[in-house]
Amino acid sequence: MIDRLAIFGATGDLTARYLLPGLAALRAGGHLGDRFELTCAGREDWDSEQFRNWAAAQLDRHGGAWPTSARQAIVASARWQRADAADPAGVASAIAGDGPVAAYLALPPVVFPLAVSTLHQASLPAGSRIVLEKPFGEDLDSAVELNRLLADLVPEQAVFRVDHFLAMSTVQNLLGSRLANRILEPIWNSAHIAEVEIVWDERLTLEGRAGYYDGVGALKDMVQNHLLQLLCLIAMEPPISLGERDLRDRKVDVLRTIRPLTADDVVRRTRRARYLAGRIGDRQVPAYVDEEGVDPARHTETFAEVELELDNWRWAGTIFRLRSGKALGQDRKEVAVHFRPVPHLPLGHSGEALPNALRFGLDPERLTLDLTGIGSRAHTLVPLTLTAQVEPPDLPAYGRLLLDVLNGNAALSIRGDEAEESWRVLAPVLSAWTKDQVPLQEYPAGSDGPASQRHNGRKAG
């Protein structure tokens, strides 16, 4: 296990909300000892005491679930290093020490190539690891180039292209439900499943993140990484093991079988939109173009939907619908597996037999099964819902992610070829949207989003 972590861009929202609380969770769980060293680097002209004061305040705000002693231990382990991504001397000071270090790039993705090159000049210690947040590159060409730069710095096994969705306990439960239950495997195919919805709809707006989000948009921020990763876990063939190679091989297989989208497909099977002014609960929300830091000329989408199909034996004929939107009227974060309707009902029943649906709630974490049953009056069909709460995880997603990095377990990290295949899938969409070949729709904040095609059967939600 590596016991040194260097975070670059350490005063950002990622460190405050997720990395520091994740480290506190690891300390509270006994995963980090007194030898652990945390170096935090950024462009601020601070000293270590100033950073520790800032970190303590962020942990009080975002990490209150963890014991005070664990939070104080993480703060005490930290030292500050002023360093810019283009400054080899500052970066070298940040990674200096005994033994390998895990270098976490908590930086805007556009800075990744520069930061990787600077780490190379700074002589990253042997055995070190490098961690990059999504999105990995801006398109296929930039992802290929970034992979080349990383290959010159460290072996592939030492590169962690992290996606915290894969460390969420519900996503782990999705894998377990698929692979450990005999009742599901015989019907986990297109003969029984009509459509799979992978949805991350949220009431949140920009929340001060325009500097990042306006240059990315919903397609790159959510669909290209998080939601495609979920598709891989849902659609992959059972791996030989859950080890690094076997699991990632099966995920790449899924991406390679996604049917390439033609120009006509992109027009018919994708939607993009951005929100107008509106009300979400008791909060009045300005239009996206009026948010501070937004450039309206970019035509950045806050809602993206893509319909995909897989060309393989198991899934031919099943629709996979990936959707994410901001400033919507309600949060809906789930994987919904919609089964085909039964072929026949006995005569004499009243009501409608709605298609069954199995829902994996991502936030909040729960498992729901929509069925049809008999009502209080004989021969009357009514919808039934069975819900199971998911046991809370021992570690938050970022705690699990950081533990895997420090232990060198890359099974839930994205491999280089997988990152490139993800961009290949969406390359036609990016091209068409850039050329305005798909209209940019609008929807009021607090609404259900732009007009949507719905699957046959029970309304999602």
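Residues numbered from 1 in each chain as written. Predicted model: local features only at pLDDT ≥ 70, side-chain atom pairs only at ≥ 80, totals over all residues. Heavy atoms only, no water.

### Structural notes on the overall build of the protein
Across its full length, the protein carries 13 helices and 17 strands. For the protein, the C-alpha radius of gyration of 23 Å lies close to 23 Å, the compact-globule estimate for 461 residues. Counting only residues that meet the buried cut, the protein has 53% of its 461 residues in that class. Residue pairs at least 24 apart in sequence account for 77% of intrachain contacts in the protein once pairs closer than 6 positions are excluded. (Helix = DSSP H or I, 4+ residues; strand = E, 2+ residues; numbered from the N terminus. Rg over C-alpha atoms; globule rule 2.2 N^0.38 Å. Buried < 20%, exposed > 50% of the residue type's maximum accessible area, 1.4 Å probe, protein only. Contact = heavy atoms within 4.5 Å.)

### Details of the pairing of strand E8 (residues 270-276)
Residues in a regular strand point their side chains to alternate faces of the sheet. Within E8, six of the seven residues are buried, which leaves it mostly tucked inside the rest of the structure. Looking at chain direction, E8 and strand E11 (residues 303-308) are connected through four bridges and run antiparallel. Considered in E11, the bridge of Thr 270 is made with Val 306. In this sheet, strand E17 (residues 440-444) lies alongside E8 in parallel orientation, the contact comprising five bridges. In the strand pairing of E17, Leu 276 is matched with Pro 444. (Pairing = 2+ DSSP bridges.)

### Notes on helix H2 (residues 48-62)
Between its first and last C-alpha atoms H2 spans 20 Å; for 15 residues at 1.5 Å apiece the expected length is 21 Å, and the two agree. Those residues of H2 not exposed but buried are Ser 48, Phe 51, Trp 54, Ala 55, Gln 58 and Leu 59. Angular distribution of buried residues about the axis of H2 spans 135°; they occupy a single face of the element. Of the residues in H2, the exposed ones pointing more than 90 degrees away from the buried face are Glu 49, Asn 53, Asp 60 and Arg 61. Those residues of H2 hidden inside the fold are in contact with helix H1 (13-28), strand E2 (37-42), helix H3 (68-77) and strand E3 (78-82). Capping the start of H2 is the job of one residue whose side-chain oxygen sits 3.2 Å from the backbone nitrogen of Glu 49: Asp 47. (Expected span 1.5 Å × (residues − 1). Arc of directions from axis to C-beta. Polar contact = N/O pair within 3.5 Å; in protein donor to acceptor, adjacent residues only side chain to side chain.)

### Re the sheet that holds strand E6 (residues 159-161)
What the six strands build is an open sheet, ordered E3-E2-E1-E4-E5-E6; its pairing is parallel. Because the sheet does not close on itself, it has two edges, and the strands there are E3 and E6. The sheet shows a mean angle of 20° between the axes of neighbouring strands, direction not considered. In terms of strand pairing, E2 meets E3 through five bridges, oriented parallel. Within E3, the residue paired with Leu 38 across the bridge is Ala 78. Here H2 sits on the sheet and contacts E2 and E3; the angle it forms with E3, its principal contact strand, is near 120°. (Axes fitted to C-alpha atoms, helices over the stretch in contact; angles between N-to-C directions.)

### A closer look at the sheet that holds E8
Taking strand neighbours across the sheet as the criterion, the nine strands line up as E16-E15-E14-E13-E7-E12-E11-E8-E17 in an open arrangement whose pairing is mixed. Each end of this open sheet is capped by a strand with a single partner; those strands are strand E16 (381-389) and E17. When the angles between neighbouring strand axes are averaged without regard to direction, this sheet yields 20°. Contacting strand E13 (332-339), strand E14 (357-362) and strand E15 (365-374), helix H7 (residues 169-179) crosses the sheet at an angle of about 150° to E14. Of the strands in this sheet, strand E7 (193-201), E11, strand E12 (319-325), E13 and E14 are in contact with helix H9 (residues 217-235), which crosses E12 at around 145°.

So, to be careful, I would describe these as geometric facts and stop short of saying anything about function.
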